[in-house]
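Below are the chains, spelled out letter by letter.
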Amino acid sequence: MNASRVEDGRRRTSGTRPNSPPRSRLKTRLGGTHQPIESLGVDMSGMLVELDDFVPEALAGFCDLHRDIVLQVAGGVVRARTTRKDKVALVVGGGSGHYPAFAGYVGAGLADGAVVGNIFASPSSRQVRDVARAAEGGKGVLLCFGNYTGDVLNFELAAERLRSEGVPVRIVKVTDDVASAPEAQRSIRRGVAGDLVVFKIAGAAAERGLSLDVVADLAEAANDATRSFGIAFRGCTMPGASEPLFSLPPGDMGVGMGIHGEPGVREQPLCSAQTLAALLAEPLLAEMPPGAPRPVVVLNGLGATKGEELFYLWHHIRAYLRSQGVEPIAAEAGEFVTSFDMGGCSLTMSWLHDELLDLWHSPAFAPAFRRGAFADLVEAGTVMVPAPPPPAGRAADAAETARVRKLVCALEAIAAALGEAEPELNRLDAIAGDGDHGRSMAAGARAAGLAARNAHASEADLGAVLISAADAWCDASGGTSGALWAAGLRAAASSLEPGRPQPLSALQDAADTVMRLAGARAGDKTVVDALLAAVEAAQGGTLREIAAAATRGAEATASMAARAGRARPLAARSVGHPDAGATSFAICLRVAAQSLEHGE
């Protein structure tokens, strides 16, 4: 396990911590001059953090504290009281680190379940399926989540599986962040604090017993009516880390920040609350629909900017909106979708017609959001999620057993290599992403190696062992990389006939699957660039030559600007640095080649 000591052993001087950025940088007028408000505190609570245990133990603590409302199940949480048979189940979810999103919104009038991924990483498709099956009451499932590559991939894979099992499913992706793409490309915008509005309206509609299609259409309408824009005063610090995920020049703020620690799309000097109010509101008002109703407005703190600071800022936002002839019909200020301890905030406006506004005002009772009174909850029930069946496979003969042994050793060598490369992969990923690629890859590889060894012990054949490894990698890694690695390994496994492994066929099938799911092509600065280079070399090349080609393909991504994935909005920042996903794939192939050749 990776433990890191985070402590506050330094002396404080004049109420501040030396060599530490202020927790909030909102300027206020005090005594006629602009001075920053500096919130006191320590880094990540000053305790030992076991990264491998952080998410499951935090979730267990949350469920214990709110055991009258939520129940922990495989993959996340569901309502402690069973879903009524006459209502659609709303299942939300995403990575950890955004509380109260997503588990905090499970309860009457809101979500029936929340899928909980690793830190800043999407949950796996199996987690989504498990939570959906636990929450589903018979009228189908609405899956609702922010529009991020990994979440889209895993939720859509889970939806396919659920539909094949006879469960009706609709999907609604939240796309409210105006900083992440122009209005003409709203469908590729990411989801931020608009999650709250869409979840609340979908949950209220489901609570009224409306059909799956009607609930999904109302959620889509809420998303279409919602816009958000945010700023960051400082980057968040991940559990176990001693430094923020990103930093800003002194006196500057990041404009257009993302909730996964992505830096803003530009930097500019800190400003007064009056100026900040206009900075947040102007991009939203620029997209106000003609003849729009009075908006619902949400001022969201990102983790370190909170309480009185938000109230102070809201005072100036309200004044600015009035100066523009806009009078909110309802408003909220608080923490709704955070980014650990990031300093900053976002502003959301939703122009809701009467039916949507009525749903927004409907009662709700969840750990993190309560409105009105709920007296008609059904009796508490127990939710059980069956364990997934083991992968099918035949008993391996002696020759097959030897091949499986080599595969297990290769996977364990990959896990060790990715563990060593974790800091560098995180660094590459943080340049234009959220900085978690190394962590998720190392966790996935460790789980895959263990699953493969267990499958080998049960005398499974090569394909079954690889499928076990794929599923374990997906569950432990989460995110885009976990889903793509699982899908690629499964595709490779399907092309491996017992006793007749075909590396070229396996690589080609994996590449086809990854490109189809990721929507990426050569030159997009993704894992596909290294993967296609390996496929080309596999036509007559040795394992070492294939691995070397993958390495060259990964290195070539340094000159590219990202055209796909989470790095796309900050593509210019990625130039000059190789892609983290392509780099990790090249490492895996190099280590696998060495291990398999030594095992000959």
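Structure's up top.
Residues numbered from 1 in each chain as written. Predicted model: local features only at pLDDT ≥ 70, side-chain atom pairs only at ≥ 80, totals over all residues. Heavy atoms only, no water.

Caption draft 1: Expanded view of the sheet that holds strand S6 (residues 76–79). Pairing is mixed in the open sheet, where 6 strands are placed in the order S5-S6-S8-S7-S9-S10. Each having just a single partner strand, strand S5 (70–73) and strand S10 (169–174) make up the two edges of the open sheet. Between one strand and the next, the sheet's axes are offset by a mean angle of 25 degrees, whatever the strand orientation. Both strand S7 (residues 89–96) and strand S8 (residues 113–119) contribute to a ladder of 5 bridges, which runs parallel. Considered in S8, the bridge of Ser-96 is made with Ile-119. (Pairing = 2+ DSSP bridges. Helix = DSSP H or I, 4+ residues; strand = E, 2+ residues; numbered from the N terminus. Axes fitted to C-alpha atoms, helices over the stretch in contact; angles between N-to-C directions.)

Caption draft 2: Structural context of the nonpolar core. The biggest cluster of nonpolar side chains holds 68 residues, and the ones touching the most others in it are Leu-142, Leu-352 and Trp-360. Broken down by element, this core gets its largest block of residues, 9 residues, from helix H4 (residues 194–207). What Trp-360 contacts, discounting residues up to four positions off in sequence, is Leu-196, Val-197, Lys-200, Ile-201, Val-296, Val-298, Ala-330, Glu-332, Leu-352 and Arg-371. Ala-421, Ala-452, Val-514 and Phe-585 belong to the second-largest nonpolar core, a separate cluster that totals 64 residues. (Core = buried A, V, L, I, M, F, W, Y, C linked by side-chain atoms within 4.5 Å. Buried < 20%, exposed > 50% of the residue type's maximum accessible area, 1.4 Å probe, protein only. Contact = heavy atoms within 4.5 Å.)

Caption draft 3: Representation of the environment of His-456 in the model. Within the secondary structure, His-456 sits in helix H10 (residues 437–457). On the basis of relative accessible area, His-456 is assigned to the buried category, the value being 17%. As a C-alpha pair, His-456 and Thr-401 span 55 residues in sequence and 7.8 Å in three-dimensional space. Leave out the neighbours within four places in its chain, and His-456 touches Thr-401, Val-404, Arg-405, Val-408 and Val-465.

Caption draft 4: Quick look at helix H3 (residues 149–164). Relative to the 22 Å expected for 16 residues at 1.5 Å per residue, H3 spans 23 Å between its end C-alpha atoms, a close match to the ideal helical length. Taken together, the buried positions of H3 are Gly-150, Asp-151, Val-152, Leu-153, Asn-154, Phe-155, Ala-158, Ala-159 and Leu-162. Gly-166, located one to two residues past H3, shows a positive phi value of around 90 degrees. (Expected span 1.5 Å × (residues − 1).)

Caption draft 5: A look at the sheet that holds strand S12 (residues 252–255). With respect to topology, 6 strands assemble into an open sheet ordered S13-S12-S11-S16-S14-S15, the strand pairing being mixed. The outermost strands of the open sheet, each flanked by one partner alone, are strand S13 (266–269) and strand S15 (330–334). On average, adjacent strands in this sheet sit at an angle of 20 degrees to one another, irrespective of strand direction. Here strand S14 (residues 296–301) runs beside S15; their pairing, made up of 5 bridges, is parallel. Considered in S15, the bridge of Val-298 is made with Glu-332. Helix H7 (residues 307–323) contacts S14, S15 and strand S16 (343–350) of the sheet and is inclined by roughly 150 degrees relative to S14.

Caption draft 6: Summary view of the packing of aromatic side chains. Overall, the coordinates contain 8 aromatic pairs when judged by the stated rule. Measuring from ring centre to ring centre gives 4.5 Å for Trp-473 and Trp-485, while their planes differ by 5 degrees; the resulting arrangement is stacked. Here Trp-485 lies in helix H12 (residues 479–494) and Trp-473 lies in helix H11 (residues 462–477), a separation of 12 residues in the sequence. Assessed through its relative accessible area of 1%, Trp-473 is described here as buried. Look at Trp-485 and you get buried, because its relative accessible area is 15%. With a centroid separation of 6.1 Å and an interplanar angle of 50 degrees, the aromatic rings of Trp-485 and Phe-585 are classed as tilted. Of this pair, Trp-485 sits in helix H12 while Phe-585 sits in helix H17 (residues 580–598); the two residues are 100 residues apart in sequence, bridging distant segments of the chain. In this pair, the class of Trp-485 matches that of Phe-585, namely buried. Taken together, the aromatic side chains of Phe-54, Phe-120 and Phe-340 make up a single cluster linked through ring pairs. Above the ring of Trp-360, the side-chain terminus of Arg-371 is found at 4.9 Å from the ring centroid. (Phe/Tyr/Trp six-rings, centres within 6.5 Å; stacked < 30°, edge-to-face > 60°. Lys NZ or Arg CZ within 6 Å of the ring centre and 35° of its normal.)

Caption draft 7: Representation of the pairing of strand S11 (residues 226–234) within the structure. Among the 9 residues that make up S11, 9 are buried, leaving the element largely enclosed by the rest of the structure. The sheet contact formed by S11 and S16 spans 8 bridges and is antiparallel. Across the sheet, the residue bridging to Ala-232 is Gly-344, located in S16. Relative to S12, S11 runs antiparallel, the two sharing 2 bridges. Paired with Ile-231 across the bridge in S12 is Val-255.

Caption draft 8: Spatial organisation of the packing of H3 against H12. For the pair H3 and H12, the least separation of the axes is 7 Å and the interaxial angle reads 40 degrees. As summarised for this structure, H3 and H12 are arranged oblique, according to the angle between their axes. Once H3 is placed against H12, the crossing between them reads as left-handed. Seen from H3, the contacting residues are Thr-149, Gly-150, Leu-153 and Asn-154; seen from H12, they are Gly-479, Thr-480, Ala-483 and Leu-484. Residue composition of the contact of H3 with H12, by class: 3 nonpolar, 5 polar and no charged. (Parallel < 35°, antiparallel > 145°, perpendicular 65-115°, else oblique. Left-handed = near helix turned anticlockwise from the far one by under 90°. Nonpolar A, V, L, I, M, F, W, Y, C, P; charged D, E, K, R; others polar.)

Caption draft 9: The arrangement of helix H1 (residues 51–65) in detail. Between its first and last C-alpha, H1 extends 21 Å over 15 residues, near the 21 Å set by a 1.5 Å rise per residue. Listed as buried for H1 are Leu-51, Val-55, Leu-59, Phe-62 and Cys-63. Those residues of H1 hidden inside the fold are in contact with strand S4 (49–50), S5, S6, S7, S8 and H10.

Caption draft 10: Representation of the side chain of Gln-127 in the model. The topology assignment puts Gln-127 in helix H2 (residues 125–135). A polar contact is formed between the side chain of Gln-127 and the backbone nitrogen of Ser-124, at a distance of 2.8 Å. The contacts of Gln-127, once residues within four sequence positions are left out, are Ala-74, Gly-75, Val-115, Val-116 and Asp-475. (Polar contact = N/O pair within 3.5 Å; in protein donor to acceptor, adjacent residues only side chain to side chain.)

Caption draft 11: View of the environment of Leu-407. Mapped onto the fold, Leu-407 is located in helix H9 (residues 398–432). Look at Leu-407 and you get buried, because its relative accessible area is 17%. Counting along the chain gives 45 residues from Leu-407 to Ala-452, while the straight-line C-alpha distance between them is 8.2 Å. Excluding residues within four positions of it along the chain, Leu-407 makes contact with Leu-462, Val-465, Leu-466 and Leu-596.

Caption draft 12: Representation of the pattern of salt bridges in the model. Under the counting rule described, the total for this entry stands at 29 salt bridges. For Arg-186, the salt bridge goes to Asp-224, with nearest N and O atoms at 3.8 Å. Of the two residues, Arg-186 sits in the loop between S10 and H4 while Asp-224 sits in helix H5 (residues 212–224), which places them 38 residues apart along the sequence. Using a relative accessible area of 15% as the deciding quantity, one classes Arg-186 as buried. Among the salt bridges present, the one from Arg-322 reaches Glu-327, with a minimum N-O distance of 3.4 Å. Residue Glu-327 is classed as partly exposed on the basis of its relative accessible area of 28%. The network of salt bridges with common partners includes Arg-79, Arg-84, Asp-86, Lys-87, Asp-112 and Glu-207. (Salt bridge = Lys/Arg side-chain N within 4 Å of Asp/Glu carboxyl O.)

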